[in-house]
Protein chains: 2
Amino acid sequence: MSSQYSKAGVNLKLARNVKANLPALLRRATRPEVLGRIGAFGGLFKARFPACREPVLVASMDGVGTKLRVAVEMGRHDTVGQDLVNHCCDDIAVMGADPLFFLDYMGTGKLEKEVFDGVIQGLAKACAEAGMALLGGETAQMPGIYAAGDYDLVGTIVGVVDRRKIIDGSKIETGDEVVGLASTGLHTNGYSLAREILFKQAGFKMTSRPSELEGESVGEALLRVHRNYHPLLASLRRKKVVLHGAAHITGGGFIENIERVLPRNALLRIDRSSWNVPPIFELIRRKGRVSEAEMYRVFNMGIGMVLVVPRASVERVRDEASAFGIESCLIGRVARGRREVMLS
Amino acid sequence: MSSQYSKAGVNLKLARNVKANLPALLRRATRPEVLGRIGAFGGLFKARFPACREPVLVASMDGVGTKLRVAVEMGRHDTVGQDLVNHCCDDIAVMGADPLFFLDYMGTGKLEKEVFDGVIQGLAKACAEAGMALLGGETAQMPGIYAAGDYDLVGTIVGVVDRRKIIDGSKIETGDEVVGLASTGLHTNGYSLAREILFKQAGFKMTSRPSELEGESVGEALLRVHRNYHPLLASLRRKKVVLHGAAHITGGGFIENIERVLPRNALLRIDRSSWNVPPIFELIRRKGRVSEAEMYRVFNMGIGMVLVVPRASVERVRDEASAFGIESCLIGRVARGRREVMLS
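Keep in mind that what you see is a predicted model, and the values were worked out from it rather than measured. (Residues numbered from 1 in each chain as written. Chains lettered and ligands numbered in written order. Predicted model: local features only at pLDDT ≥ 70, side-chain atom pairs only at ≥ 80, totals over all residues. Heavy atoms only, no water.)

Quick look at the packing of helix α5 (residues 78-93) of chain A against helix α6 (residues 113-129) of chain A
Residues and elements named next belong to chain A. Filter applied, for reference: Working convention: axes come from line fits to C-alpha atoms, limited for helices to the stretch in contact. Angles between N-to-C directions cover 0 to 180 degrees. Starting at the N terminus, helices and strands are each numbered in turn, a helix being any DSSP run of H or I of at least four residues and a strand any DSSP run of E of at least two. Comment on the angle field: the value is read as roughly parallel under 35 degrees, roughly antiparallel over 145, roughly perpendicular from 65 to 115, and oblique elsewhere. Crossings are sorted by hand: turned counterclockwise from the far helix by less than a right angle, the near helix makes the crossing left-handed, and turned clockwise it makes it right-handed. The criterion used for residue contact is that any of the two residues' heavy atoms lie within 4.5 Å. When residue character is reported, Ala, Val, Leu, Ile, Met, Phe, Trp, Tyr, Cys and Pro are called nonpolar, Asp, Glu, Lys and Arg charged, and the others, Gly included, polar.
Packing of α5 against α6 leaves a shortest axis separation of 6 Å and a crossing angle of 40°. In terms of orientation, α5 lies oblique with respect to α6. Crossing of α5 over α6 shows right-handed handedness. In this structure, α5 contributes Asp78, Gly81, Gln82, Leu84, Val85 and Asn86 to the contact, and α6 contributes Gly118, Val119, Gly122, Leu123, Lys125, Ala126 and Cys127. Taken together, the residues of the contact of α5 with α6 break down into 6 nonpolar, 5 polar and 2 charged.

Structure follows, in structure tokens:
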């Protein structure tokens, strides 16, 4: 019996087959709070937070942007799943929260088993590493919205924080120091510009190895996995190291993201010469003749997260980062003034 | 100063301007549990559930599928936001849960203020009607994944249910009756097939008014808003009317969705002649010469939700549905047998 629906581009049988592997893929990405089973209309998670006096859920939803196009062109689909999970972990970690569970959505032009498996493997790996349950997901075949090999990947994270431990930047004060934590690369931002410059203007291929990248190919450099800073932040919290503010450097770059957590009476100065910008950013800047201002607005420039800490905490924060294998740098300071982030 | 990033198709300034209206749009879609403010890295929601002895979070993520293409071609963007919210409400309502908060993601080729405003208005309206907070969202400009006027729309719902009140179908037993609740139209499923048949094969336009639709245009019939059955289910729960199982008829149709909640020893028979299939489905079936089996696999055929209830509850369930303006019908019964849904 021929199916009209599959002629219209939607294959229900393939969708079922593709999902047959799910239980095995998800085995590690779970937690004791999860009830019920895969295939229910919703995922179930016990709302018990014994470690919190006044538990507050923290939720965020995000995608990985056009980093997906790099994954598609490289034919490598496990890293974007990790990017998505780690990005979301960082979004709630800056508020002081611990991740609980994650849901994913994949919209595709044409469902391909290999792609689906790769993506889910990456999601499950990163969820397991983050101590989080992959609670549910949706795969939508949408011919006419997505081209055949294309897809979009979206995730939602839900975590928890004790109300009095929420980090919201309100404690930031004059004299606080700004610690920059190293990113692994572009993380998940600025890919439309990076692709435009590296592939269209400079004419690189994914496999090109310009000397600036010291042996790494352009594709490899662009696919480096977004770093999850939550384990470091959770460890600092356990050790009662005080943080006044934290900002995840994502779309909008340094100024917009740090401004999100600055109180009215704080002017935060960042000294761009205080850290070495990794070669991939220099390559993009030079090949595209992009202004410095725009570079710091679009890219993380080597700093994936910014912590604002009282001077007394700086040493312990940097030691702890180092113990987690994360390079850190003093990149600025908070002065009295109107809410503003100044780069010099 | 010309921006390279905007030449690459991503306009950060437009993104900021588009979002300037958000506080006004979201004013009604909130709840007392919401803390913090728009613009933080994550949305905050107090995890206090005084009405539940053992609270369990229920989460689901979904899109609206290629119904979006109809919205884009009709130039009408507020209804798909409502579709998304109501669809998600139904996914957790069938498990016995009440909605708490919602997050949305919009991936676009080119961000357009009018589209964004329409979508958010629809989301906020439906969230407010559902008594749910619109806690966060993300808008991603992804040239190279989406065509200029296209977008995908994804939502995540988080709700809560008291553990002993979870509806999971395990209580379904021989002799239970099956109540079908009327849908408003296609809801959010089968649009790829419907579009293929109505526009490509039958040659209709959005504005065509075939006599079968009794004055409604094809576009209007296709854009009808997904019904939210949660208020009805919540009312039944308050009145202590017993439900043994509930299934949201979405992708996969009658058989797959009802099987999701059937226990092993239950065979559920549905009599297709027990309700009148609305004209839009008949039109699709006839124009596309689609088999009956496929129609019931792809579309809801006029039944958006199926409730499995003990015979003693049938009257009260149907009266209550009627009080909520929802037509209902006895469409089948549960017999002894191996887990199966039979349509005859």
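Here the narrative resumes, following the displayed structure.
Observations concerning the domain arrangement of chain A
Residues and elements named next belong to chain A. The condition that has to hold: As used throughout, domain bounds are those supplied by an automatic or database domain assignment. When two parts are brought into contact, each loses some accessible area as probed by a 1.4 Å sphere; the total of that loss over both is the buried area. By definition here, a salt bridge exists when the distance from a side-chain nitrogen of Lys or Arg to a carboxyl oxygen of Asp or Glu is within 4 Å. Throughout this description, a polar contact denotes any pair of N or O atoms lying within 3.5 Å of each other; where both atoms belong to protein, one of them has to be capable of donating a hydrogen while the other can accept it, and for residues adjacent in sequence the pair is counted only when both atoms sit in side chains.
Looking at chain A, the domain boundaries give domain 1 (4-162) and domain 2 (177-343). Of the residues lining the interface, 24 residues belong to domain 1; the matching set on domain 2 comes to 26 residues. For the pair domain 1 and domain 2, the two sides together bury roughly 2100 Å², of which 62% comes from carbon and sulfur. Counting the contacts that link domain 1 with domain 2 gives 1 salt bridge. A salt bridge links Arg237 to Asp98, with the nearest nitrogen and oxygen atoms 3.0 Å apart. The interface formed by domain 1 and domain 2 holds 14 residue pairs in polar contact (both at pLDDT 80 or more) in total. Only α4 (67-74), α5 and β4 (98-108) provide two or more residues apiece to the side of domain 1 that touches domain 2. Sorting elements by how many residues they give to the side of domain 1 that touches domain 2 places α5 first, with 9 residues. Looking at the side of domain 1 that touches domain 2 residue by residue, the class counts come to 10 nonpolar, 6 polar and 8 charged.

Regarding the sheet that holds β4 of chain A
Quick note on the threshold: Only strands joined by at least two bridges in the DSSP assignment are considered to pair.
Strand order in the open sheet formed by 6 strands is β5(A)-β4(A)-β6(A)-β3(A)-β2(B)-β1(B), and the pairing between neighbours is mixed. What marks the edges here is a single partner per strand, and that holds for β5 (133-141) of chain A together with β1 (34-35) of chain B. Sheet analysis places β4 of chain A next to β5 of chain A, joined by 8 bridges and oriented parallel. Within β5 of chain A, the position partnered with Tyr105 of chain A by the bridge is Glu138 of chain A.

As for the interface of chain A and chain B
Between chain A and chain B, the residue contacts involve 81 residues of the former and 81 residues of the latter. Counting the surface lost from both chain A and chain B, the interface buries some 6500 Å², and carbon and sulfur atoms represent 63% of this. Our enumeration of links across chain A and chain B arrives at 0 salt bridges. Connecting chain A to chain B are 16 residue pairs in polar contact (both at pLDDT 80 or more). When grouped by side-chain class, the residues that make up the side of chain A that touches chain B number 40 nonpolar, 22 polar and 19 charged. One ladder, built from 4 bridges, connects strand β2 (residues 43-46) of chain A with strand β3 (residues 55-63) of chain B; its direction is antiparallel. Counted as the bridge partner of Leu44 of chain A is Val58 of chain B from β3 of chain B.

Focus: the relation of the copies chain A and chain B
Heads up, the condition is: The copies are overlaid by a least-squares fit using only the C-alpha atoms of residues whose pLDDT is at least 70 in both copies.
Laying chain A over chain B is done by rotating through 180° and shifting 0.0 Å along the axis; what remains is an RMSD of 0.0 Å. With respect to symmetry, the two chain copies, as superposed, fit the operation of a two-fold axis.

A few points about the sheet that holds strand β8 (residues 245-248) of chain B
Residues and elements named next belong to chain B. Taken in spatial order, the 6 strands of this open sheet run β8-β10-β7-β11-β9-β12, and their pairing is mixed. Of all the strands in the sheet, the pair left with one neighbour each is β8 and β12 (340-343). Between one strand axis and the next, the sheet turns by 25° as a mean value, whatever way the strands run. By the bridge criterion, 4 bridges tie strand β9 (residues 266-270) to β12 in an arrangement that is parallel.

Description of the packing of aromatic side chains
Under the convention used in this document: Any pair of Phe, Tyr and Trp rings, taking the six-membered ring for Trp, is counted once the centres come within 6.5 Å. Such a pair is stacked with planes under 30 degrees apart, edge-to-face with planes over 60 apart, and tilted for the rest. Burial classes: relative accessible area under 20% of the type maximum marks a residue as buried, over 50% as exposed, and values in between as partly exposed (1.4 Å probe, protein chains only). For a ring to carry a charge above it, either NZ of a lysine or CZ of an arginine must fall within 6 Å of the ring centroid while also lying within 35 degrees of the normal to the ring plane.
Counted under the stated rule, the structure contains 11 aromatic pairs over all chains. Plain terms: the ring middles of Phe254 of chain A and Tyr296 of chain A are 5.7 Å apart, the flat faces sit at 55° to each other, and that makes the pair tilted. With Phe254 of chain A in helix α10 (residues 253-259) and Tyr296 of chain A in helix α12 (residues 292-298), the pair connects residues that are 42 residues apart, well separated along the chain. Considered together, Phe254 of chain A and Tyr296 of chain A belong to a single accessibility category, that of buried residues. A connected cluster of aromatic rings, assembled from ring pairs, spans Phe254, Trp275 and Tyr296 of chain A. In this structure, Arg260 of chain B is placed above the aromatic ring of Phe41 of chain A, and the distance from its NZ or CZ to the ring centre is 4.0 Å.

Here we look at the side chain of Glu216 of chain A
All names here are of chain A. Tracing the chain through its elements places Glu216 in the loop between α7 (191-201) and α8 (218-223). Judged by its relative accessible area of 18%, Glu216 falls in the buried class. Separated by 2.9 Å, the side chains of Glu216 and Arg224 make a polar contact. When sequence neighbours within four positions are dropped, the list of residues in contact with Glu216 reads Ser208, Arg209, Ala221 and Arg224.

Topic: the pattern of salt bridges
Per the stated rule, a full pass over the model turns up 39 salt bridges over all chains. Across the salt bridge formed by Asp83 of chain B and Lys67 of chain B, the nearest N and O atoms sit 3.0 Å from each other. Of the two residues, Asp83 of chain B is situated in helix α5 (residues 78-93) and Lys67 of chain B in helix α4 (residues 67-74); the sequence distance between them amounts to 16 residues. Looking at Lys67 of chain B, the relative accessible area reads 0%, which means it is buried. Each of Arg272, Glu282, Arg285 and Glu292 of chain A takes part in one network of salt bridges that share partners.

Looking at unusual backbone geometry
All names here are of chain B. At His187, a residue that is not glycine, the phi angle is positive and equals roughly 60°. Tracing the sequence through the fold places His187 in the loop between β7 (177-182) and α7 (191-201). If you check the backbone angles, Met301 has positive phi at about 55° while not being a glycine. Looking at where Met301 falls in the secondary structure, it is placed in the loop between α12 (292-298) and β10 (303-309).

A word on the environment of Val64 of chain B
Residue and element names in this part refer to chain B. Of note, Val64 is situated in the loop between β3 and α4. Overall, Val64 belongs to the buried group, its relative accessible area being 0%. Val64 sits 19 residues away from Asp83 along the chain, and the two C-alpha atoms are 6.9 Å apart. When residues no more than four places from it in sequence are discounted, the contact partners of Val64 are Val80, Asp83, Leu84, Leu153 and Thr188.

Thoughts on the confidence of the model for chain A
Stated precisely, the cut-off is as follows: What pLDDT conveys is the predictor's confidence in a given residue, as a value from 0 to 100.
Confidence in the prediction of chain A, expressed as mean pLDDT, is 92, and 96% of residues score 70 or more. Of the two predicted TM-score estimates for the complex, the pTM is 0.94 and the ipTM is 0.94.

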